[in-house]
Structures are given as C-alpha cells and as structure tokens.
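As a plain string of letters, each chain reads:
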Amino acid sequence: MTNAGELRRRTAELLAAYPPATTDRLDFLRARFDAGLAWVHYPEGLGGLGAPRSLQAVVDEELAAAGAPDNDPRRIGIGLGMAAPTVLRYGTDEQKARFLRPLWTGEEVWCQLFSEPGAGSDLAALGTRAVRDGEDWVVDGQKVWTSSAHLARWAILIARTDPGAPKHAGITYFICDMTDPGVEVRPLRQITGEAEFNEVFLTGVRIPDRHRLGEVGDGWRVAQTTLMNERVSIGGMRLPREGGMIGPVAKTWRERPDLRTHDLHQRLLKLWVEAEVSRLTAERLRQQLNAGQPGYEGSGMKLAFARLNQEISGLEVELRGEEGLLYDDWTMRRPELVDFTGRDAGYRYLRSKGNSIEGGTSEVLLNIVAERVLGLPAEPRTDKDVPWKDLAR
C-alpha cells in the first residue's frame, strides 16, 4: 500500500528529474502523470498508483511548495470532473490509454453534449439520433448549454440509438470528436455579456464504434456516473475558509465600515456560517469518495452551492449600494473559464443565476434528494415504459 512517505519520496524524485524552474510546463505535467502523481487513486499507468484518494493532498502540497505548475483545473474541469471518471469506469483499456493522459495535462479540452432544446430537466427525452453504419455511428441532432464547446477537442455525448425502447433504455454513450466537419458550434450570449455556453449542431457526424462507452442501449446508466461526478465537482470543490463567493463580501465588510448596517451584519453572519458548513460538508463528501463512486449526496451539495451563491451575491450587491449596480465589461467574449472571484459584484450576481440550472436544475435535484436520499415516495411517471417514439412532443 502506497503511504504518505512513499508519495513524498516519489514527488521528490519527480522534482529532481524535472526541476519546475527549468522544465517546460507541459513536459512537467506529462512526467507527473507518468510518475503516477496526477491523481494517485487512479490505477498505475493511468496517472495514479492505486493509492487512497486522500493522499492526493500530500503530493499537491509538496508540488505547490516547490513552485510546480498545475494543470489549470478550472479550465479543464469538465474533463477532470466528468469525462475522466466515466472513461475510467466504463472505458476499454484502449480508451483509457488514449484519452486520460492528454485530458489530465490539459492538452485536450472536453465538453459535455447532454442537454437539448427539448430535453433539459427531462434529459432522458433527448432526440439526437445515432444510427449504426458498419463500424461507425452517424449522429444527427442538436445540443445546448454546452460549456467550453468552442475550446473542446472531445465531447462526452449521449444519443438515442433505439427509438422503439422506453426513453431511458434506448440511449447510448459516445466520445465525439469535436473536429468532425459535421460539428458546428455557435455561441450563446448570456446575461453577463459573455458566451461561455454554446449550442452545438451535429449533422452526419461519424463516431467509430470503438469510441462508444458502455454497451449499446446502456447510455443512461453510464450517464449517471457522469452526472453524479459533475454534481460533486460543482458542489464539493475544495476551498479554503472564506473561499468562493463569501470571500469578496467578507473582505468588503472589513474594509468598508461606512457600508455596514445591523441588518446586513446579521445576514452576513448567517451566510458566512452556512458557507463554512457547506465547505466542511464538501470536505466530508470528498472523504466519502475514498470508498468508491459518488452517491446522491452530491445533489444536495450542488443544491446548497447554487442557493448560497445566489444569496451571497445578492447580499454583496446590496451591501455595496450604488456601486453594486455597476458592471465592469459587457463585451461579447468567449472565455476559457468562469471566474467568479476575479470580476466585480455585478458579474457575480448575474452569473450566479445560472447556478440553479447548470449541472442539474434545483427542482430536479430536490426530487433526487427526496426520493433517493430521504426515501420519500416518487412522483408519478406515466411515460416510464412508453416507447420513446410514441411520446408526445
């Protein structure tokens, strides 16, 4: 069993062989992956050493102290938090060897082709079709709200392969090449002025069968792995105390006594405590992951993340008064990442409105928590066993 001492030794060897100050950033990241220090809980040869997940912090601390570069995790969050766990669990040996290394180093950005104009909250109603043609699948359809599609080399995609089966049963999961000539990416400008989201049109896109994840018709089960990891990566991210949205508000409160009122003080205290509880709960959730795949608790954490961000950003705008109504830049941009703390209060307020939609709407997540965590009766579903082709649309 690899322990903390062994990981420190391996990290020291990596730093000695590839000094961060004189080694190209990408060369260092590739060497780190090959040394099994990328994500230590992954298998050997796939960026890990089969060690407990909790020991990743040992490696990260040693590398940070040495000034080593990271893989810019915010930029490649979809690949790290969603695609990688799914490929690891359902991918073939060939798929794992091909995709995981450039995914982790950031050489290849990933996006998620799940939601559609008519299949958002009811994702299983999706209509994008994949038809078998020899050793390939030909895909036609439209996806929407696709973060980073304008940057992505690969996409995780779910498509309907059997319209005659009930909607959850006729779906298959694929890895889609975003450079295929049939893929068209169009920006969706948001209330912030930016276009980090996109709509993606798929016309005659050919996906080789070797890029299928899981069995034909089993895509919904594979997608659950992606979705549960997505909610953990959103709601369970590692933060220091006063990290995230609460940090700028607390900083303004300390530096601007002229803005304080008793009512705002009480609200800030309440939200500060809730943010700290959420941070510690996320830490506990990450510790539970050591035992295996994430459960439905991640849905609760994602719910808390969305609510807190919206309440905190609202308080910040109110605290700043007239200043809170200002906005730094409405320029149409297609950013590489979402920067909640690097922009002004107006941006945080507007951008946080999307937190209760992206990664699963709050309404859907409340149902998941009610049914699968609390064990409450499920909502009636009259279309559960109806063939997808016979559903009213």
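Structure: above.
Residues numbered from 1 in each chain as written. Predicted model: local features only at pLDDT ≥ 70, side-chain atom pairs only at ≥ 80, totals over all residues. Heavy atoms only, no water.

On to the overall build of the protein chain. When you go through the protein chain residue by residue, the secondary structure sums to 11 helices and eight strands. Taken over the C-alpha trace, the protein chain has a radius of gyration of 22 Å; the compact-globule value for 393 residues is 21 Å, and the two agree within 12%. Once the C-alpha set of the protein chain is aligned to its principal axes, its extents read approximately 70 × 55 × 45 Å. Residues counted as buried form 49% of the 393 residues belonging to the protein chain. Across the protein chain, contacts joining residues at least 24 apart in sequence account for 71% of those joining residues at least 6 apart. (Helix = DSSP H or I, 4+ residues; strand = E, 2+ residues; numbered from the N terminus. Rg over C-alpha atoms; globule rule 2.2 N^0.38 Å. Buried < 20%, exposed > 50% of the residue type's maximum accessible area, 1.4 Å probe, protein only. Contact = heavy atoms within 4.5 Å.)

Before going further, it helps to examine the nonpolar core. With 35 residues, the main nonpolar core has Trp39, Leu100, Trp110, Phe114, Ile158 and Tyr173 as its most contacted residues. Those elements that place two or more of their residues in this core are helix H2 (25-34), helix H4 (77-90), helix H5 (93-105), strand E4 (154-160), strand E5 (171-177) and helix H6 (219-235). Looking at this core element by element, the count peaks at seven residues for H4. If near-sequence neighbours (up to four positions away) are discounted, Phe114 is found in contact with Leu123, Lys143, Ile156, Leu157, Ile158, Tyr173, Ala223, Thr226 and Leu227. Cys111, Phe174, Cys176 and Val200 belong to the second largest nonpolar core, which has 18 residues in total. (Core = buried A, V, L, I, M, F, W, Y, C linked by side-chain atoms within 4.5 Å.)

Compared with an ideal rise of 1.5 Å per residue, which puts 14 residues at 20 Å, helix H1 (residues 4-17) spans 20 Å between its outermost C-alpha atoms and is within 8% of the ideal. Looking only at H1, the buried set comprises Leu7, Thr11, Leu14 and Leu15. Taken end-on, H1 shows its buried residues confined to a sector of 95°, consistent with a single buried face. Every exposed residue of H1 that faces more than 90 degrees away from the buried side is listed here: Ala16 and Ala17. For H1, the secondary structure elements touched by its buried residues are H2 and helix H3 (56-65). The residue sitting at the N-terminus of H1 and contributing the capping side-chain oxygen is Asn3; that oxygen lies 3.2 Å from the backbone nitrogen of Gly5. (Expected span 1.5 Å × (residues − 1). Arc of directions from axis to C-beta. Polar contact = N/O pair within 3.5 Å; in protein donor to acceptor, adjacent residues only side chain to side chain.)

Taken as a whole, this structure holds zero disulfides when the rule is applied. Looking at the unpaired Cys176, the closest cysteine sulfur is the one in Cys111, lying at 7.7 Å. On the accessibility criterion, Cys176 (0% relative accessible area) is buried. (Disulfide = S-S within 2.5 Å.)

It is worth spelling out the environment of Thr252 at this point. Among the structural elements, Thr252 can be located in helix H7 (residues 246-255). A relative accessible area of 6% places Thr252 in the buried class. Taking C-alpha positions, Thr252 is 25 Å from Ser356, a pair spaced 104 residues apart along the chain. Contact partners of Thr252, with chain neighbours within four places excluded, come to Leu259, Leu319 and Arg320. There is a polar contact of 3.0 Å between the side chain of Thr252 and the backbone oxygen of Pro248.

Here we take up the pattern of salt bridges. What the rule picks out here adds up to 42 salt bridges. The closest approach of N and O atoms between Arg221 and Asp218, which form a salt bridge, is 2.7 Å. As a salt-bridge pair, Glu323 and Arg320 come within 3.8 Å of each other at their nearest N and O atoms. Since its relative accessible area comes to 35%, Glu323 is described here as partly exposed. Members of the salt-bridge network, linked through shared partners, are Arg256, Asp258, Glu316, Arg320, Glu323 and Arg348. (Salt bridge = Lys/Arg side-chain N within 4 Å of Asp/Glu carboxyl O.)

A surface patch of nonpolar side chains, amounting to about 280 Å² of accessible area, comprises Val373, Leu374 and Leu376. With respect to the helices, strands and loops of the structure, Leu374 is situated in the segment after helix H11 (362-373). (Patch = residues over 30% accessible without salt bridge, like charges linked within 9 Å, V, L, I, M, F, W, Y side chains within 5 Å. Areas by Shrake-Rupley, 256 points an atom, 1.4 Å probe, with all protein chains shown as cover.)

Turning our eyes to something else, we now look at the pairing of strand E3 (residues 136-143). Across five bridges, strand E2 (residues 129-133) lies against E3 in antiparallel orientation. When the bridges of E3 are listed, Val131 appears paired with Val138. Linking E2 to E3, which pair antiparallel, is a turn of two residues; within it Gly134 sits at a positive phi near 65°. Pairing geometry for E3 and strand E7 (residues 197-208), over seven bridges, is antiparallel. If you follow Val139 over to E7, its bridge partner there is Val205. (Pairing = 2+ DSSP bridges.)

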